[in-house]
Amino acid sequence: MAAQETVDHKYVYDFSEGNKDLKDLLGGKGANLAEMTNLGLPVPPGFTITTEACQAYLVTGREPDGLAGQIEEHLEALERAMGKRLGDPQDPLLVSVRSGAKFSMPGMMETVLNVGLNDESVVGLSAQAGQNDRFAWDSYRRLIQMFGKTVCEVPGEEFEHALDDAKSAKGTHNDLDLDADDLRGLVDAYKKIFLKHTGREFPQQPREQLDLAIRAVFESWNAERAVLYRRQERIPADLGTAVNVVSMVFGNLGPDSGTGVAFTRDPASGAQGIYGDYLANAQGEDVVAGIRNTVPLNELERLDKKSYDELLGYMARLEEHYRDLCDIEFTIERGKLWMLQTRVGKRTAAAAFVIAGQLVDEGLIDLDEALHRVNGAQLAQLMFPRFQLDHEFQPVAKGIGASPGAASGKVVFTSARAVELAAEGESVILVRRETNPDDLNGMIAAKGILTSRGGKTSHAAVVARGMGKTCVSGADEIEVNVPAKRFTVAGQTVNEGDVVSIDGTTGKVYLGEVPVMPSEVVQYFEGSLDPEHIDNALVRAVHRIMTHADGKRRLAVRTNADTGADAARARRFGAEGIGLCRTEHMFLGDRRELVERLILARGADEREAALAALLPLQRADFVEIFREMDGLPVTVRLIDPPLHEFLPPLEQLAVNVAVAQERGEDVAKEEALLAAVRRMHEENPMLGLRGVRLGLVIPGLFAMQVRAIVEAAVECAQRGGDPKPEIMVPLVGAVQELETVRTEAEKIIEEVTREKAVEVLIGTMIEVPRAALTAGQIAEAAEFFSFGTNDLTQMGWGFSRDDVEGAFFWRYLELGIFGISPFESIDRDGVGRLVRIAAEEGRAARPGLKLGICGEHGGDPDSVHFFHEVGLDYVSCSPFRVPVARLEAGRAVVESGGSDSR
Ligand code: PEP
Ligand code: MG
């Protein structure tokens, strides 16, 4: 930047010198003002001071050399164009000084209007406006107010109070009732306030006003609210803002003047037509301040047909030029229309799809561009039911939006009670401090899950996302008291049976029932809305864009599903197989007892008996899943969690034993369980006896699962089905582990498929960093790799996935160590590098090695793009995220400039 700070470096651009592609340099507003100027639209003349000038100012604390001279030149040119001079006592030129960064930061930075007014030129302005003293003094008091507040940090309320005092002295609530004398008096009062706070008189030199206002806009880039906004929106902190100096036009010169905003289509629904608001006899900030009510834009046709028609013509022109929805600010000064701003307008998720579809129909863009203009986050939003929050609902707590959607229901505190009430047809919200695998039935029965602890990858969050169920986790303002069946929040007590509403997108929690609307987009994916035969612009647009994405993408999309029902739903959503069937839930519920028998087995016979009892149950599970996914690959992962997770908690067992002993009951079994829990206790269970280690330590466990999988596949094949089983070994870190499991599995496969041939692949998860780094060796024993990016992130960063998000990620986000949790979106540089190394070295060792990913990142839009770049074959994600992954996989092709078609 220092190098740019030379006298002849260009820091100021006339509107006629820029264009819409110079947003980096001129900011969004400046670039678009230039574009409109060049299109011949009526833009008040002006110039833009570049973001580079701002950057230089922010680094050095002073205006760069040469800037002052360039401002002078452009100001003179502006004065010539307008035939007026800044500060001229007879006929003053007035300018506005407006911020305008590359990315829109609405209301975050500063604007000063009416620069150039002083005690003398206020008289000239009145004459200019047809001896309109009221207007002139009102303009002057607005300048002192804005300048004082923005440039000199005078507390805004002081001006507001003075204005209120003037109105009450007049016995009115309406600004318009203040006459010229009142406003002249107000100017005096404002000047006193200015003097009191700054120790100096309000500056009378227009050029000084201008320079100070420009400097204030530069500095507003680092105002606290702007810094916060940037952090939230992930806008880089070093961009700086441009400053636009524009000749003032006035919408407050009488009934033939006014100001308004317009959209070329409805930004809420995307519907075609003219949308906007108009306010006669007013300036822009009056609209924002809501001082008077606006009228719908089409009223302007009645008020001023000529300007209305002209505006419509410009709007059509802009839309065609930008090939997108534009929003516009305009002012009419005594019957003359001026265009003050345009930009490609923000829109809702629904409007994004609808508009993209319409623009294709109109031939303005092609389907690739339409695909580029929507995104997975928007699609995800459209897939969840929403609250109708038009009512006055205030949240009582805010946690982490862990699984999106909107749910209302009666509060319950236990899984059993959730099941009971749901069976009676009640909607329930399961409230826990945190959930564990035992809560599964309650989670299935509940409409939503609310926890006071845990982050986005806590048990509650992961399981809820998998089910497409609304979940708010880590709402730590909530004190949950399970035994007392109540929670307290914000001084209120909520008992079992009271109704609450939770929003899994925003993380907000409400007391009472907020009405909910179902999603049409889900109905479409479910097959209950036929896009060809319904009159629903959104569904048709989604269908069209999804079809295009499917045609474009190279990545296949599978799902993570553990049950036939999930598999069936995911298939309707477009899943092309199962990338991860976790088998742990197959050991829960009634089967827990068999797991206890397995753990407590004294000798091989008892152990084998327990496994033999589990075998048919698991086989039946797999038959159901293979049937639902017939013809598509199903990756079944052998059991992963530590076995003690299937036993009751230590404290509970200790209490049971003590109570039973007290009563003189037979406690042999409880004592044995207690001893087992104590024996199996681990300080770091996530790094303990789990995954492949279980298979190597507990004889027969993996063998039973392999047999169940292969027997189920054979059974399906014998009935004419086409099962495609893939057996996946978790937590492998060394090829020897995999080889041992493989040797045993191959024997079973060989034996079982003798009756009926079925091809069974054997592969591994890559979720331990060592596995990624020795992928070349591991590929020798694996027909496929599936990246377990949850554990790979956990072990790559050394972050406990159940604890850290709630515990300290806020600080890491605040410090910018990362912009988003690495559990949510893949850390490309670190964990992503492990994925890249493993993919490359795995494929080098075994060409044709199938590569997929089944961690939570498989459904994250940005991560999907990364996995496309790395060249994986598929991503696998929860059923609800399958459409998002399909869309993003298509976008990844379009955005990498490819025309890959499958
Ligand atoms: C993973 O670690 O990314 C994974 C998919 O396995 P789990 O979440 O079951 O540990
Ligand atoms: Mg894992």
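Everything that follows concerns the structure shown earlier in this document.
Residues numbered from 1 in each chain as written. Chains lettered and ligands numbered in written order. Predicted model: local features only at pLDDT ≥ 70, side-chain atom pairs only at ≥ 80, totals over all residues. Heavy atoms only, no water.

Student: Is there a simple way to explain the coordination of the magnesium ion (ligand 2) in this structure?
Tutor: Ideal values for angles at a metal depend on the geometry: 109.5 degrees with four tetrahedral donors, 90 or 180 degrees with six octahedral donors. The coordination sphere of the magnesium ion (ligand 2), as far as protein atoms go, consists of E767 (OE) and D791 (OD), spread over 2.1 Å. Taken as a pair, E767 in the loop between β30 (761-766) and α29 (769-773) and D791 in helix α31 (residues 789-797) lie far apart in primary sequence, 24 residues in all. (Donors = N, O, S within 2.8 Å, 3.2 Å for Na, K, Ca; no water. Helix = DSSP H or I, 4+ residues; strand = E, 2+ residues; numbered from the N terminus.)

Student: How do you make sense of the pairing of strand β21 (residues 486-489) when you look at a structure like this?
Tutor: Here β21 shows one buried face, formed by F487 and V489, and one open face, formed by R486 and T488. Here three bridges tie strand β20 (residues 479-481) to β21, and the two strands are oriented antiparallel to one another. For V480, the partnering residue across the bridge sits in β21 and is F487. Remark: four residues form the turn of the hairpin made by β20 and β21, two consecutive strands paired antiparallel; K485 in that turn has positive phi of roughly 55°. Counting the residues in the hairpin turn of β21 and strand β22 (residues 492-495) gives two residues, including A490, whose phi is positive at 45°. (Buried < 20%, exposed > 50% of the residue type's maximum accessible area, 1.4 Å probe, protein only. Pairing = 2+ DSSP bridges.)

Student: Teacher, can you tell me more about helix α21 (residues 564-572) here?
Tutor: Each turn of an α-helix holds 3.6 residues, which means side chains three or four residues apart point in the same direction. By the burial criterion, the buried members of α21 are G564, A567, A568 and A570. The arc that holds the buried residues of α21, viewed along the axis, is 165°, so those residues lie on one side. Among the structural elements, β26 (556-560), β27 (578-582), α23 (604-628) and α36 (882-895) are those in contact with the buried residues of α21. Positive phi shows up at G574, right after α21, with a value of about 105°. (Arc of directions from axis to C-beta. Contact = heavy atoms within 4.5 Å.)

Student: Help me understand the packing of aromatic side chains, please; the structure alone is not making it clear to me.
Tutor: Two measures describe an aromatic ring pair: the distance that separates the ring centres and the angle between the ring planes. On inspection of all chains with the given rule, the structure shows 28 aromatic pairs. Relative to F573, the ring of F525 lies with its centre 5.9 Å away and its plane at 55°, an arrangement referred to as tilted. Placement of F525 in helix α19 (residues 520-526) and of F573 in the loop between α21 and β27 is noted, with a sequence separation of 48 residues between them. Since its relative accessible area comes to 0%, F573 is described here as buried. Taking 5.2 Å as the distance between ring centres and 55° as the angle between the ring planes, the aromatic pair formed by F808 and Y812 counts as tilted. Linked through ring pairs, W797, F799, F808, F809, Y812, F818 and F823 together constitute an aromatic cluster. The ring of Y13 carries K10 above its face, with NZ or CZ at 4.5 Å from the centroid. Above the plane of the ring of W338 lies K336, whose end atom (NZ or CZ) is 4.5 Å from the centre. (Phe/Tyr/Trp six-rings, centres within 6.5 Å; stacked < 30°, edge-to-face > 60°. Lys NZ or Arg CZ within 6 Å of the ring centre and 35° of its normal.)

Student: Looking at this structure, how should I read the side chain of S121?
Tutor: Position of S121 relative to the elements: it lies in helix α4 (residues 121-128). A distance of 3.1 Å separates the side chain of S121 from the backbone oxygen of G116, its partner in a polar contact. Excluding its chain neighbours within four sequence positions, the residues that come into contact with S121 are G87, D88, P89, P92 and G116. (Polar contact = N/O pair within 3.5 Å; in protein donor to acceptor, adjacent residues only side chain to side chain.)

Student: In this structure, what is going on with the pattern of salt bridges? I would like to understand it.
Tutor: Opposite charge on two side chains lets them pair, provided their charged atoms get close. For the coordinates displayed, the defined rule picks out 64 salt bridges. Close ionic contact of D138 with R142 constitutes a salt bridge, the shortest N to O distance being 3.3 Å. Here R142 and D138 lie together in helix α5 (residues 133-152), a separation of four residues that amounts to about one turn. A residue is classified by how much of its surface remains accessible, and D138, at 5% relative accessible area, is buried. A salt bridge links D550 to R553; its shortest N-O distance comes to 2.9 Å. For R553, a relative accessible area of 2% gives the class buried. Salt bridges here are not isolated pairs; linked through shared partners, they connect E584, R637, D640, R690, D791 and R801. (Salt bridge = Lys/Arg side-chain N within 4 Å of Asp/Glu carboxyl O.)

Student: Sorry if this is basic, but what is going on with the site of ligand 1 here?
Tutor: Around ligand 1, the structure places 14 residues, and the nearest of them are R582, R637, G788, N790 and R801. In this structure, N790 approaches ligand 1 through a main-chain N or O atom, which is 2.7 Å from an oxygen atom. Between ligand 1 and D791, the relevant distance is 2.9 Å, taken from an oxygen atom to a main-chain nitrogen or oxygen of the residue. Taking 280 Å² as the accessible area of ligand 1 by itself, protein coverage stands at 96%. Looking at the shell around ligand 1, the elements with two or more residues in it are β27 and α31. It is α31 that contributes the most residues to the shell around ligand 1, three residues altogether. Looking at the shell around ligand 1, its residues break down into three nonpolar, four polar and seven charged. (Near = heavy atom within 4 Å. Areas by Shrake-Rupley, 256 points an atom, 1.4 Å probe, with all protein chains shown as cover. Nonpolar A, V, L, I, M, F, W, Y, C, P; charged D, E, K, R; others polar.)

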